[in-house]
Amino acid sequence: MQFETNTQFIREDQKVYISSQNMLDNLKALRSICKPETKFCAVVKADGYGHGIREIVSILKKGRVDFFAVANIREADFIACLVEQSKILILEPLHTACSPRAVQVCAEKGFHCAIVDAETLQFAHDALQSSDNVLNVHIKVETGMGRCGVDAEIAADLIKKIRKFDNIRLAGIYTHFSTAAEKSMSFAQQQLETFKKFLSTQSLLACKDIIIHAANSAAMLNMPQAHFDMVRCGLALFGWSQCPDSLDIELKPVTKFEVPIVQLNHYKKGQTVGYGRTFTAQRDTTAAIVPVGYADNYWRLYSNRAVMRIADAFAPVIGRVSMDKTILDVTDIDDVKTGQSVTVIDNDPDSQCSVYKLAELADTICHEVLASLPPKARRIIS
Ligand SMILES: *Cc1c(COP(=O)(O)O)cnc(C)c1O
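Residues numbered from 1 in each chain as written. Predicted model: local features only at pLDDT ≥ 70, side-chain atom pairs only at ≥ 80, totals over all residues. Heavy atoms only, no water.

1. Section: helix α6 (residues 118-127)
Turning to step 1, where the next piece is worked out: Here α6 has its buried residues at T120, L121, F123, A124, H125 and A127.
Turning to step 2, where the next piece is worked out: For α6, the secondary structure elements touched by its buried residues are α5 (100-108), β6 (135-140), α7 (152-164) and β7 (168-174). (Buried < 20%, exposed > 50% of the residue type's maximum accessible area, 1.4 Å probe, protein only. Helix = DSSP H or I, 4+ residues; strand = E, 2+ residues; numbered from the N terminus. Contact = heavy atoms within 4.5 Å.)

2. Quick notes on unusual backbone geometry
Turning to step 1, where the next piece is worked out: Located in the positive-phi region is Y49, a residue other than glycine, with phi close to 50°.
Turning to step 2, where the next piece is worked out: Within the secondary structure layout, Y49 lies in helix α2 (residues 45-49).
Turning to step 3, where the next piece is worked out: With a phi close to 50°, A311 is a non-glycine residue in the positive phi region.
Turning to step 4, where the next piece is worked out: Relative to the helices and strands, A311 resides in the loop between β15 (307-310) and β16 (313-316).
Turning to step 5, where the next piece is worked out: Residue classification places A311 among the partly exposed positions, given a relative accessible area of 47%.

3. A word on the layout of surface pockets
Turning to step 1, where the next piece is worked out: The calculated volume of the largest pocket comes to roughly 560 Å³.
Turning to step 2, where the next piece is worked out: Lining of the largest pocket is provided by 27 residues; of these, K45, M145, R147, H176 and N216 occupy positions nearest its centre.
Turning to step 3, where the next piece is worked out: If you list the elements that add at least two residues to the lining of the largest pocket, you get α2, α9 (217-222) and β9 (230-233).
Turning to step 4, where the next piece is worked out: Split into classes, the residues belonging to the lining of the largest pocket amount to 13 nonpolar, eight polar and six charged. (1 Å grid on protein atoms, 1.4 Å probe; cavity = no way out; pocket = protein on both sides within 12 Å on 5 of 7 lines; lining within 4 Å. Points joined across faces, edges and corners; volume = space filled by probe spheres on them. Nonpolar A, V, L, I, M, F, W, Y, C, P; charged D, E, K, R; others polar.)

4. Concerning the site of the ligand
Turning to step 1, where the next piece is worked out: Around the ligand there are 13 residues in total, and K45, Y49, S217, R232 and L235 lie nearest to it.
Turning to step 2, where the next piece is worked out: A distance of 2.6 Å separates an oxygen atom of the ligand from a polar side-chain atom of K45.
Turning to step 3, where the next piece is worked out: The contact in question runs from an oxygen atom of the ligand to an N or O atom on the side chain of H367, over 2.9 Å.
Turning to step 4, where the next piece is worked out: Considering the ligand on its own, with 390 Å² of exposed area, one finds that the protein chains cover 94% of that surface.
Turning to step 5, where the next piece is worked out: Among the cavities detected, the one that contains the ligand is the largest pocket. (Near = heavy atom within 4 Å. Polar contact = N/O pair within 3.5 Å; in protein donor to acceptor, adjacent residues only side chain to side chain. Areas by Shrake-Rupley, 256 points an atom, 1.4 Å probe, with all protein chains shown as cover. Sits in = over half its atoms within 2 Å of the grid points.)

In structure tokens:
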């Protein structure tokens, strides 16, 4: 299997800075709120939350990570040569449209795979007939997310079937919370109770070689009773939280995105700016043009709404964000020059162009802002 990053269009002047020290500090801080024996699974799906999976795994393996979780077999195979002694968990369930060869690769490379139906279990068993390798399987129990889990009876049946197959090993049982980041924890608590009931009726809590896991970043931070044997943490490693107000530990944002000013422009009072003429200069205006637009996932809905940072000042986006250009009003900022760096996504939680602020403006969550980091920007690891 091959996984090549498309480097053809990488731009040297669009820079995504990734602070390895901050990420390792976050890892340490997050581990400190878990019991020492709790395993830590770093979730690096979606190309490392948009940063570059190779870069993120290379940083995190300098810390203590027991598992890396990825979305699919392709990502698992791509990082297999990087992770050294850490294990890899594939979150997307194996299914019968996978090739038998893919199942064999999973077993050969020791990947941990989710299985959610008996048909796939049989398919995996058959695919492994010609080899001595054993496939590590995790069962995801449905407790209220309604995605990729199986109800208790089916899960119980799968466990029974797995125990009959000598080339398949039950390595884990897990679930996933749908509301762990919300103010009210009552539904998350209900999910937890459903999960615990399943574990006790199946006598799974006492099994030393089965990893029980449930918590994402939000549950890890808010529900210590949901840590079990392992936590699965993505967002918090990048220094952001869905509920920043209730943080007991300091998280340090890892990421900053900068572009240069390519042109300074001047508009007379009354002049209109950009596609659709959505902005009219209310005064004589100095504008800076920056080379980032909706093709770089700087969303069009930031038009006339978002700001970017230039040194210590914030410059409003004026007019429509276009495909690969955005216009900023810099009239009130002194000494602005072409070539000067502009911060599009800031690594300060209080900044007006922080990941929090951009997520709020776009009516979304921090995950989506990070996963939308521009693929063409050069990554600079410090
Ligand atoms: C993405 C994902 C996580 C990590 O979620 P964060 O909110 O980023 O910590 C954990 N578990 C599963 C099953 C996921 O899909």
